[in-house]
Amino acid sequence: MYLTFDPFLAEAALRPLALSAVSLANNHTYDFYRSGYEATQGYLEAWGIKPFGHPYNTSSLSATIEVRGLQFCLVGYHSLYISSTAEVVGEIMRLKPLCHKVIVFPHWGEEYEPVAHEEQVSAARLFVDAGADLVVGAHPHVVQNVETYKGKAIFYSL
């Protein structure tokens, strides 16, 4: 299945949400290959929405937004094509001294599984160990378990 939207309809749907940033670290980002990914980045930027994350965890991994004078760094991670966490961990460590909070948005897990798999748990805890303050996952199409690890919240899938 390929997901696509008319850019004008997408803008009309997104604008009222007043989004600051959107993660592109997911399994549909490359449905229309690199050109589709780059076009999506361009549309989001034109609409004032910062894109971050990449389906192969190779570039544009993060975005920074300012909230009440504080820098929040957002990091995208996609585990379904390349499950290596190395690039994302490096990005978290690079950003940590620059940010009030580092929030990781992983796209991971098995669809319709209500409990996170061990790979998700290991990666989430690795992100916290590297400096993430919060982990908010997605992809399984169901809400998964939540945990607090070293005082940091991990939502495996919302």
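Quick caveat: nothing in here was measured; it's all calculated off a predicted structure.

Cut-offs used in this document
- Residues numbered from 1 in each chain as written.
- Predicted model: local features only at pLDDT ≥ 70, side-chain atom pairs only at ≥ 80, totals over all residues.
- Heavy atoms only, no water.
- Helix = DSSP H or I, 4+ residues; strand = E, 2+ residues; numbered from the N terminus.
- Buried < 20%, exposed > 50% of the residue type's maximum accessible area, 1.4 Å probe, protein only.
- Contact = heavy atoms within 4.5 Å.
- Pairing = 2+ DSSP bridges.
- Core = buried A, V, L, I, M, F, W, Y, C linked by side-chain atoms within 4.5 Å.

J.: Hey, could you run me through the environment of Y56 in this one?
T.: By secondary structure assignment, the location of Y56 is in the loop between β2 (50-52) and β3 (62-67). Using a relative accessible area of 31% as the deciding quantity, one classes Y56 as partly exposed. Between the C-alpha atom of Y56 and that of N27, which follows or precedes it by 29 residues, the distance is 9.3 Å. Beyond its immediate stretch of four places on either side in the chain, Y56 contacts Y30, Y81 and I82.

J.: What exactly am I supposed to notice about the pairing of β3 here?
T.: Each regular strand displays side chains that alternate between the two surfaces of the sheet. The sheet contact formed by β3 and strand β4 (residues 70-78) spans 6 bridges and is antiparallel. Each residue of the ladder has a partner; that of A63, found in β4, is L74. Connecting the antiparallel pair β3 and β4 is a turn made up of 2 residues, with R68 showing a positive phi of about 50°.

J.: Quick question: what am I supposed to make of the nonpolar core here?
T.: Soluble globular proteins tend to pack their nonpolar side chains together in the buried interior. Grouped together as the largest cluster of nonpolar side chains are 23 residues, with contacts concentrated most on I92, V104, W108, F127 and V135. Elements with a minimum of two residues in this core: β4, α3 (86-95), β5 (101-107) and α4 (118-130). The element that contributes the greatest number of residues to this core is α4, accounting for 6 residues. The contact partners of V104, leaving out residues within four places of it in the chain, are V75, Y77, I92, F127, A132, L134, V135 and V136. Grouped together as the second largest cluster of nonpolar side chains are 8 residues, F52, A63, F72 and I103 included.

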